[in-house]
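Structural features, examined
Here are the chains, one letter per residue:
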Amino acid sequence: VTDVAKWADYLLDAESRGDAVAPITDVESGLTLEQAYDVQRMVLDRKTAAGEQVVGAKLGLTSRAKQEAMGVYEPVYGVLTDAMVLPIEEPVRLGELIHPRVEPEIVFILDADLSGPGVTVHDVVDASSAICCGLEIIDSRYADFRFTLGDVVADNTSAARFVLGPAPIEPTFDLRLLGCLLEVDGRLEATAAGAAVLGHPAEAVARLANWLARRGEKLRRGWKVLSGGLTDAVPLAPGRHITATFGRLGALGIRAVE
Ligand code: OOG
Ligand code: MG
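First, a word on scope: everything that follows refers to the structure included in this document. Model, not experiment: these values are computed from the prediction. (Residues numbered from 1 in each chain as written. Chains lettered and ligands numbered in written order. Predicted model: local features only at pLDDT ≥ 70, side-chain atom pairs only at ≥ 80, totals over all residues. Heavy atoms only, no water.)

**Description of the pairing of strand 8 (residues 187-193)**
Direction of pairing for strand 7 (residues 179-184) relative to strand 8: antiparallel, over a ladder of 6 bridges. Bridge pairing in strand 8 places E183 opposite L188. With antiparallel pairing between neighbouring strands as the criterion, strand 7 and strand 8 make up a hairpin whose turn holds 2 residues, including D185 at a positive phi of roughly 50 degrees. (Pairing = 2+ DSSP bridges. Helix = DSSP H or I, 4+ residues; strand = E, 2+ residues; numbered from the N terminus.)

**Digging into the sheet that holds strand 12 (residues 250-257)**
Read from one edge of the open sheet, 5 strands run 3-12-11-7-8, paired in mixed fashion. Looking at strand neighbours, the two that pair on one side only are strand 3 (92-93) and strand 8, the edges of this open sheet.

**Quick word on the environment of A193**
Along the chain, the position of A193 falls in strand 8. Residues A193 and C180, 13 residues apart in the sequence, show an inter-C-alpha distance of 5.7 Å. Excluding its chain neighbours within four sequence positions, the residues that come into contact with A193 are R176, L178, G179 and L230. (Contact = heavy atoms within 4.5 Å.)

**Focus on the packing of aromatic side chains**
One pass over the full model with this rule turns up 4 aromatic pairs. Judged by centre distance (6.1 Å) and plane angle (20 degrees), the ring pair of Y77 and W211 falls under stacked. Taken together, the residues Y77 in strand 2 (residues 76-81) and W211 in helix 7 (residues 201-214) connect sequence positions 134 residues apart. On the basis of relative accessible area, Y77 is assigned to the buried category, the value being 6%. Residues Y142 and F147 carry aromatic rings whose centres are separated by 6.5 Å and whose planes lie at 55 degrees to one another, so their mutual orientation is tilted. As far as burial versus exposure is concerned, Y142 and F147 are alike and both buried. Connected via pairs of aromatic rings, a cluster forms that spans Y37, Y77 and W211. The ring of F173 carries the charged tip of R248 above its face, separated from the ring centre by 4.2 Å. (Phe/Tyr/Trp six-rings, centres within 6.5 Å; stacked < 30°, edge-to-face > 60°. Buried < 20%, exposed > 50% of the residue type's maximum accessible area, 1.4 Å probe, protein only. Lys NZ or Arg CZ within 6 Å of the ring centre and 35° of its normal.)

**Re the pattern of salt bridges**
Under the counting rule described, the total for this entry stands at 17 salt bridges. Linking R176 and D174 is a salt bridge whose minimum nitrogen-to-oxygen distance equals 2.7 Å. The class for R176 is partly exposed, based on a relative accessible area of 41%. Via salt bridges that share partners, D13, R17 and D19 belong to a single interconnected network. (Salt bridge = Lys/Arg side-chain N within 4 Å of Asp/Glu carboxyl O.)

**A word on the site of ligand 1**
Close contacts around ligand 1 come from 17 residues, with K58, L61, E103, S158 and G229 the closest. Take K58: an N or O atom from its side chain is 2.8 Å from an oxygen atom of ligand 1. In the environment of ligand 1, an oxygen atom lies 2.8 Å from a nitrogen or oxygen atom belonging to the side chain of K66. For ligand 1, whose unbound accessible area comes to 310 Å², protein coverage reaches 100%. Elements that contribute at least two residues to the shell around ligand 1 include exactly strand 1 (54-60), helix 4 (64-70), strand 4 (101-110) and strand 5 (128-138). The element that contributes the greatest number of residues to the shell around ligand 1 is strand 1, accounting for 3 residues. For the shell around ligand 1, the class distribution of residues is 7 nonpolar, 5 polar and 5 charged. (Near = heavy atom within 4 Å. Polar contact = N/O pair within 3.5 Å; in protein donor to acceptor, adjacent residues only side chain to side chain. Areas by Shrake-Rupley, 256 points an atom, 1.4 Å probe, with all protein chains shown as cover. Nonpolar A, V, L, I, M, F, W, Y, C, P; charged D, E, K, R; others polar.)

In structure tokens:
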């Protein structure tokens, strides 16, 4: 039987030491998706017991670019806490993390609860007072970012930090056509449109609300929901500067320091 508490401590320990560990499924076979979400939940419970507050949720592996890069072909979700908030203009401190990577995302700001089942794209847009651009800094606790579906779910889908764009706007236009340019040190690295995320980024949020219903949970008013990287992620290195420019949502940059 899977010892949920043991694996939660294993991952928390890797995070606090800043040292990557082997994927759980290298050590123990038979981790089910349900158990993986139980491990994720226990990691969160330990963090909230220590004073962290939940501020939102995230989806991962919602674009083909991300799925192919990581070799995991199913969308997943994780939880965001206040300890992961990176204020705008604040550099990413590499010493606090293991091997961070950055990815551009479309972020929904909810002004109503969303509880499944049956949540649609339309419901998500309706419940979102605003959307903004975001950069997620992911940092797998597993060596070389190598993991299976169950591993990445247990590890809160590599969540580490996120920064939100400065100018949220109402989602009153076609989000499928929202363009995204990703630049690294001023050089164009990747391009995408909103439709890269499951055909429509609000589809990701709708799926999340519907999955949460199975565990008796819901998306809450005030939460920020990251709909998933539109492009593959870019590794951070000292001095590196990464900028995402998103059509009507404007631009957002971050820089890494030791
Ligand atoms: C898993 C997290 C993926 C996204 O937006 O696709 C993710 C990983 O790639 O380490 O956050
Ligand atoms: Mg992400």
